[in-house]
Amino acid sequence: MALIFKQTNGDKYFDGDLPFLKAFNQNANSNHKLDLSLYPEPFAGNADAKVYLLSGNPGWCDYDYQLMKSNQSIWDKMMQQSYDPIPRVGHTPTMYWLDPDWKDQIKPVNGYDGGFSWWEKRTNYLRNKVGIQDIHKKLFNIDYHPYHSKNIKINTNIQNLPSQVEVNNILKNAFKNKNRLFIIVRCRKAWEERLKAILNVQQLPNNVIYLDNPRCAYLTPGNMKKNNGWKRLLNAL
């Protein structure tokens with residue numbers, strides 16, 4: 001079952017999620033309150049990719065809404081195409097924040113271009129030092145929580161989102177490939193618990209690794225020293 005995207009009264013969400021999101025926002029402070037005017041971002045990329053990045057949430061900036069509205073037609077197309085991460089004839093999803101074809105169509109607002117510059121900086125070493133220019137085809141990012149807020153807060157309303165069932169199914173299927181690499185970028189404890197539940201295991205398999213600095217999402221040799229992380233990443237790519 002694919003994610004079913006809906007819009008009502010300006011709110012953007014996946015089918016079944018809205019009651020949980022409203023309940024969360026009732027008690028959330030300004031740092032954690034979810035901005036439902038923005039497209040949720042459960043994942044970005046091709047689900048057949050050999051490297052999965054497990055992140056926190058899409059974040060939030062004052063310019064996010066203006067950026068979307070200023071590029072509305074292309075933004076709608078970019079986001080809604082991303083909700084189908086399974087490749088097929090005529091449809092080859094990419095990690096859109098790293099895809100130059102999408103970036104070239106977006107006009108920044110006050111120099112702000114959303115996730116494009118953020119992701120470019122964190123993959124700069126791979127693209128410009130290692131020379132992997134098609135990195136947008138080789139990474140699949142999953143956010144633990146797909147809705148925008150300044151900071152992520154995980155509670156029962158967030159952990160029980162119906163849309164997570166589909167995302168969990170993608171992850172469960174992805175783990176069938178023992179050569180696929182899963183890198184926990186943010187929310188380590190929450191991701192560990194979630195993956196153990198998905199896989200029904202007490203200990204995660206050794207193709208799950210971590211960045212050395214959990215506050216730094218850069219994919220570099222210096223941030224992936226433990227457990228041969230950098231070498232394993234390059235081998236997977």
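Draft legend 1. Local environment of empty space enclosed by the protein. Taken as a whole and assessed by the stated rule, the structure comprises one cavity of 30 Å³ or more. Taken as a whole, the largest cavity spans an internal volume of roughly 40 Å³. Surrounding the largest cavity, Pro 42, Asp 143, Tyr 144, Pro 146, Ser 163, Gln 164, Val 167 and Arg 194 form its lining. With three residues, the single largest contributor to the lining of the largest cavity is helix 8 (residues 163-174).

Draft legend 2. Layout of the sheet that holds strand 4 (residues 51-55). Pairing within the open sheet is mixed, and its five strands lie in the order 3-5-4-6-7. Taken across any chain shown, the strands that pair with only one partner, and hence form the sheet edges, are strand 3 (43-45) and strand 7 (208-210). Within the sheet, the average angular offset between the axes of one strand and its neighbour, ignoring direction, is 20°. Pairing analysis gives three bridges linking strand 3 to strand 5 (residues 139-143), with the strands arranged antiparallel. Within strand 5, the residue paired with Phe 43 across the bridge is Ile 142. With respect to the sheet, helix 8 is in contact with strand 3, strand 4, strand 5 and strand 6 (181-184), its orientation differing from that of strand 4 by roughly 140°.

Draft legend 3. Focus on unusual backbone geometry. Phi is positive for Asn 200, which is not a glycine, with a value near 55°. Checked against the element boundaries, Asn 200 lands in the loop between helix 9 (188-199) and strand 7. The phi dihedral of Asn 227 is positive, around 55°, even though this residue is not glycine. Within the secondary structure layout, Asn 227 lies in the loop between strand 7 and helix 10 (229-236).

Draft legend 4. Structural view of the pattern of salt bridges. If you walk through the whole model with that rule in mind, you get six salt bridges. Between Asp 84 and Arg 88 there is a salt bridge, with the nearest N and O atoms lying 2.3 Å from each other. With relative accessibility at 49%, the residue Arg 88 sits in the partly exposed group.

Draft legend 5. Structural detail: the nonpolar core. Membership of the largest hydrophobic core comes to 68 residues, with the highest contact counts inside it found for Tyr 52, Trp 75, Ile 142, Leu 171, Ile 183, Leu 195 and Leu 233. Every residue in contact with Leu 171, bar those within four places of it in the chain, is listed here: Tyr 52, Leu 54, Ile 142, Phe 182, Trp 191, Leu 195 and Ile 198.

Draft legend 6. Broad picture of the packing of aromatic side chains. Under the counting rule described, the total for this entry stands at 16 aromatic pairs. Ring geometry for Tyr 96 and Trp 97: centres 5.0 Å apart, planes at 55°, overall tilted. Given the relative accessible area of 5%, Trp 97 is considered buried. When the centroid spacing of 5.5 Å and the interplanar angle of 90° are considered together, the rings of Tyr 125 and Trp 230 count as edge-to-face. In this pair, Tyr 125 sits in helix 6 (residues 124-129) while Trp 230 sits in helix 10, placing the two residues 105 residues apart along the sequence. Since its relative accessible area comes to 33%, Tyr 125 is described here as partly exposed. Relative accessible area serves as the criterion here: at 14%, Trp 230 is assigned to the buried category. Its end group placed over the ring of Tyr 39, Lys 12 keeps NZ or CZ at 5.4 Å from the ring centre. Positioned over the ring face of Tyr 210 is Arg 188, at 3.5 Å from the centre of the ring.

Draft legend 7. Structural view of helix 3 (residues 72-82). Restricting attention to buried positions, one finds in helix 3 the residues Ile 74, Trp 75, Met 78, Met 79 and Ser 82. All buried residues of helix 3 lie within an arc of 120° about the axis, which places them on one face of the element. The secondary structure elements touched by the buried residues of helix 3 are strand 3, helix 2 (64-70), helix 4 (100-103) and helix 5 (115-122).

Draft legend 8. The side chain of Lys 12, seen in detail. You can see Lys 12 is positioned in strand 2 (residues 11-14). Of the buried charged residues, Lys 12 lacks a salt bridge, with Asp 76 as the closest side chain of opposite charge at 6.4 Å. Within the structure, the side chain of Lys 12 is placed 2.9 Å from the backbone oxygen of Ser 37, a separation counted as a polar contact. If we skip the residues at most four places from it in the chain, Lys 12 touches Phe 5, Lys 6, Gln 7, Leu 36, Ser 37, Leu 38, Tyr 39, Pro 40, Met 68 and Tyr 147.

Cut-offs and rules
- Residues numbered from 1 in each chain as written.
- Predicted model: local features only at pLDDT ≥ 70, side-chain atom pairs only at ≥ 80, totals over all residues.
- Heavy atoms only, no water.
- 1 Å grid on protein atoms, 1.4 Å probe; cavity = no way out; pocket = protein on both sides within 12 Å on 5 of 7 lines; lining within 4 Å.
- Points joined across faces, edges and corners; volume = space filled by probe spheres on them.
- Helix = DSSP H or I, 4+ residues; strand = E, 2+ residues; numbered from the N terminus.
- Pairing = 2+ DSSP bridges.
- Axes fitted to C-alpha atoms, helices over the stretch in contact; angles between N-to-C directions.
- Contact = heavy atoms within 4.5 Å.
- Salt bridge = Lys/Arg side-chain N within 4 Å of Asp/Glu carboxyl O.
- Buried < 20%, exposed > 50% of the residue type's maximum accessible area, 1.4 Å probe, protein only.
- Core = buried A, V, L, I, M, F, W, Y, C linked by side-chain atoms within 4.5 Å.
- Phe/Tyr/Trp six-rings, centres within 6.5 Å; stacked < 30°, edge-to-face > 60°.
- Lys NZ or Arg CZ within 6 Å of the ring centre and 35° of its normal.
- Arc of directions from axis to C-beta.
- Lys, Arg positive; Asp, Glu negative; His and termini not counted.
- Polar contact = N/O pair within 3.5 Å; in protein donor to acceptor, adjacent residues only side chain to side chain.

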